[in-house]
Amino acid sequence: MKIIQTILLLLVSFTNPICHAGDWPQILGPYRNGHAAGETLAASWPSGGPEVKWQRPVGSGFAGLAVSQNTAVLFHRVGDQETVEALNAETGEPLWKQSAPVSYRGTFNPNDGPIAVPLIHNNKIYTFGIAGRLQCLDLKNGKVIWSRDTHKEFQVGEGYFGVGSTPIIVDDKLLVNVGGKRKHAGVVAFSLDRGFTQWQAMQDDASYSSPTSAFLHGRYYAIFITRLHLAGLDPKNGNVLFQFPFGKRGPTVNGADPVVVGNHVFATSSYGVGGFWGQIEQIGTREIWRSEKPMASQYTTPIEYDGKLIGIDGRQDIGTARLICFDPETRKVEWEENNFGYATLLEADNKLIIMKTDGTLVLAEASLETYKELASEQIFNSTTRALPALSNGLLYVRDGKTLKCLKLGADAPATPEKTTTN
């Protein structure tokens, strides 16, 4: 892996859940930036696409899976129950199920199921339901350890699409993009073991962006995109270390996660907002540029690769979308694939795993020079928005009805048989 990338992964790993090899315990993987650890992928797929190890029906929702210790955690809605299910990651065999009633009904979008990816840490699962139910479950048996009704407690409105931001663990606290504007609880810190409120900060509504973290200048930063701001908070006490306007009022959303590149941060949104590039300094933080070019992504988070960013510019619902690689320092586009279509991206083994919203799965080289597609296959015939999860060579993808486990890992080379001579 490239030097700058490796440094970033080491820094981020200090503030994120401890992972076992091959785990995908949270949104965008072990380092929360779309990069997998220690995966070896096949460079091509057999005719008909990657092997389907198992598949099963799922309920409503856009939440991708989290995987830890050979347990895959599925968060979806079945009927009027918001349900967390643990599955054997290799076989799909059900291990346990925990459900709670939910009455949310989509308004701007018909989806009524959870959007936020589960978070696994120290044999516990943290989920944030579409109607604001925040809970902690035991990974081994699904027992509810604690739960909070954040919308009721912090007077949060439903928003356009319900809850859509996955919490983060920093400095032994669960930090959540709650959006309790009237209670000065835009961001709230909860204790991991009991769910007690430890601090609340920012008078802002929630976004659909999930926070990230960084260790810079000798301290931890929890970096959030709220409804109208990009902010860095001190996880110890909620003090705002930096804050910039980001987003627009009216029928707009912030959906992509912030991306930390060295001591810089990138944010992107559509709806006339565009991209933001700033430098996180020891005393204060400065804005370097903001523009709709080269990237204004509706909700997909770009991948940092050797200091460059690879991701989608455009929207899923209207217009066209292109896949681009660009230098955030200069805004120079290194390469582009016009009319590519909207998609989410992961990186593993110097390859891009691209899940298009039209149901097409693409494997491409992670390159700064050109776009080179290695394989492509139609996996679903419906809109596919949930983030994929990659664990031990297996890719977990889902649309609105079906979850599939696909084999993407390369087979180990055969060991030559020993010959004996008489």
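Position numbers for residues start from 1 in each chain and track the written sequence from start to end. Local features in a predicted model are, by the rule used here, given only for residues with pLDDT of at least 70; side-chain atom pairs are given and counted only at 80 or more, and totals for whole chains, interfaces and linings are based on all residues. Excluded from the side-chain calculations are hydrogens and water; all other atoms, namely the structure's heavy atoms, are used.

**Some details on the UniProt feature "domain: Pyrrolo-quinoline quinone repeat" (unreviewed entry) in the protein chain**
Stage number 1. UniProt positions are given in the numbering used here, feature names are shortened, and annotations may be inferred rather than shown by experiment. Per the UniProt entry, the sites bearing "domain: Pyrrolo-quinoline quinone repeat" (unreviewed entry) are residues 81–336 in this numbering.
Stage number 2. Only DSSP runs of H or I covering at least 4 residues are called helices, and only runs of E covering at least 2 are called strands; the numbering of each starts at the N terminus. Measuring from the first to the last C-alpha atom of residues 81–336 gives 43 Å, for a span that is 2% helix and 46% strand.

**Concerning the side chain of Arg56**
Stage number 1. By the element assignment, Arg56 lies in strand 1 (residues 51–57).
Stage number 2. Side-chain polar atoms of Arg56 contact the side chain of Glu85, separated by 3.1 Å.
Stage number 3. Throughout, a contact is declared for two residues whenever any of their heavy atoms are within 4.5 Å. Excluding residues that lie within four positions of it along the chain, Arg56 makes contacts with Leu74, His76, Glu85, Leu87, Lys401, Thr402 and Leu403. Here a polar contact is recorded for every N or O atom pair within 3.5 Å, except that within protein the pair must consist of a potential hydrogen donor and a potential acceptor, and residues adjacent in sequence are included only if both atoms are side-chain atoms.

**Quick word on the layout of surface pockets**
Stage number 1. Reported here for the largest pocket is a volume of approximately 770 Å³.
Stage number 2. With a 1 Å grid laid over protein atoms only, a set of points is called a cavity when a 1.4 Å probe fits there but cannot get out and a pocket when it is open yet has protein on both sides within 12 Å along at least five of seven lines; lining residues have an atom within 4 Å of a point. Surrounding the largest pocket, 35 residues form its lining, Ile115, Phe161, Tyr208, Tyr299 and Arg385 being those nearest its centre.
Stage number 3. Counted as a void, the second largest pocket has a volume near 280 Å³.
Stage number 4. What lines the second largest pocket is a set of 21 residues, and nearest its centre among them are Gly157, Glu158, Gly159, Ala206 and Tyr208. Grid points are joined across faces, edges and corners, and a volume is the space filled by probe spheres set on the points.

**Section: the pairing of strand 17 (residues 240–245)**
Here is the key point about a regular strand: its side chains alternate between the two faces of the sheet.
Stage number 1. Each pair of strands is called paired provided DSSP finds at least two bridges between the two strands. Of the pairings in the sheet, the one linking strand 16 (residues 229–233) to strand 17 comprises five bridges and is antiparallel in character. By the bridge assignment, Gly232 is partnered in strand 17 with Phe242.
Stage number 2. Hairpin geometry of strand 16 and strand 17 is characterised by an intervening segment of six residues between the two adjacent antiparallel strands and by a positive phi of about 85 degrees at Gly238.

**Considerations on the side chain of Asp313**
Stage number 1. Mapped onto the secondary structure, Asp313 falls in strand 23 (residues 308–314).
Stage number 2. Burial status follows relative accessibility: with a 1.4 Å probe on protein chains alone, a residue under 20% of its type maximum counts as buried, one over 50% as exposed, and anything between as partly exposed. Asp313 sits in the buried class, given a relative accessible area of 15%.
Stage number 3. If sequence neighbours within four positions are ignored, Asp313 has contacts with Pro294, Met295, Ala296, Thr320, Ala321, Arg322 and Ile324.

**Quick word on the environment of Asp358**
Stage number 1. Tracing the sequence through the fold places Asp358 in the loop between strand 27 (351–356) and strand 28 (360–365).
Stage number 2. When the C-alpha positions of Asp358 and Ile379 are compared, they lie 9.2 Å apart, and in sequence the two are 21 residues distant.
Stage number 3. Here Asp358 is in contact with Gln378, Phe380 and Ser382, once residues within four sequence places are set aside.
Stage number 4. Polar side-chain contacts of Asp358 include one of 2.9 Å to the side chain of Thr360.

**Here we look at the sheet that holds strand 25 (residues 333–337)**
Stage number 1. The strand order across the open sheet formed by four strands is 22-23-24-25, and the pairing between neighbours is antiparallel. Among the strands making up the open sheet, the edge pair consists of strand 22 (303–305) and strand 25. Each neighbouring strand pair of the sheet contributes to a mean axis angle of 25 degrees, computed without reference to strand direction. Convention adopted: a line fitted to C-alpha atoms gives each axis, helices being fitted over their contacting stretch, and angles between N-to-C directions are expressed from 0 to 180 degrees.

**Some remarks on the sheet that holds strand 11 (residues 173–176)**
Stage number 1. Strands sit in the order 10-11-12-13 across an open sheet of four strands; the sheet is antiparallel. Strands at the two margins of the open sheet, each flanked by one partner only, are strand 10 (168–170) and strand 13 (197–201). Between one strand axis and the next, the sheet turns by 25 degrees as a mean value, whatever way the strands run.
Stage number 2. Two strands pair when backbone bridges link them, and strand 10 and strand 11 are joined in this way by three bridges, in the antiparallel orientation. What sits directly across from Ile168, in strand 11, is Leu175.

**Comments concerning the environment of Ala410**
Stage number 1. Positionally, Ala410 belongs in the segment after strand 32 (402–407).
Stage number 2. Owing to a relative accessible area of 36%, Ala410 belongs among the partly exposed residues under this scheme.
Stage number 3. Here the alpha-carbon distance between Ala410 and Ala201, two residues 209 residues apart in the chain, equals 46 Å.
Stage number 4. If near-sequence neighbours (up to four positions away) are discounted, Ala410 is found in contact with Thr40, Leu41 and Ala42.

**Considerations on unusual backbone geometry**
Stage number 1. Following Lys293, the chain continues to Pro294 via a peptide bond in cis, the omega torsion being 10 degrees.
Stage number 2. Assignment of secondary structure puts Pro294 in the loop between strand 21 (285–291) and strand 22.
Stage number 3. The backbone of His184 shows a phi angle near 50 degrees, a positive value even though the residue is not glycine.
Stage number 4. Residue position: His184 is located in the loop between strand 11 and strand 12 (187–191).
Stage number 5. Its relative accessible area of 42% is what places His184 among the partly exposed residues.
Stage number 6. Residue Asn339 is not a glycine yet carries a positive backbone phi of 55 degrees.
Stage number 7. The topology assignment puts Asn339 in the loop between strand 25 and strand 26 (343–348).

**Points about empty space enclosed by the protein**
Stage number 1. Scanning the model with the defined rule gives two cavities of 30 Å³ or more in all.
Stage number 2. Around the second largest cavity, the lining residues are Trp24, Gln26, Ile27, Leu28, Gly64, Leu65, Val117, Leu387, Pro388 and Ala389.
Stage number 3. Tallied by class, residues from the lining of the second largest cavity come to eight nonpolar, two polar and no charged. Polarity classes work like this: nonpolar for Ala, Val, Leu, Ile, Met, Phe, Trp, Tyr, Cys and Pro, charged for Asp, Glu, Lys and Arg, and polar for all others, with Gly in that last group.

**A short note on the nonpolar core**
Nonpolar side chains tend toward joint burial in soluble globular proteins.
Stage number 1. In plain words, nonpolar cores are sets of buried Ala, Val, Leu, Ile, Met, Phe, Trp, Tyr and Cys residues tied together by side-chain atoms within 4.5 Å. Ile353, Leu361, Leu390, Leu395 and Tyr396 are the most contacted members of the largest nonpolar core, which has 34 residues in total.
Stage number 2. Secondary-structure elements contributing two or more residues to this core are strand 3 (71–78), strand 26, strand 27, strand 28, strand 30 (389–391), strand 31 (394–398) and strand 32.
Stage number 3. Tallying contributions element by element places strand 31 first for this core, with four residues.
Stage number 4. Each residue touching Ile353, except ones within four places of it in the same chain, is listed here: Leu41, Thr344, Leu345, Leu346, Leu361, Val362, Leu363, Leu390, Leu395 and Leu408.
Stage number 5. Formed by 20 residues, the second largest nonpolar core is a distinct cluster that contains Ile303, Ile312, Leu368 and Tyr371.

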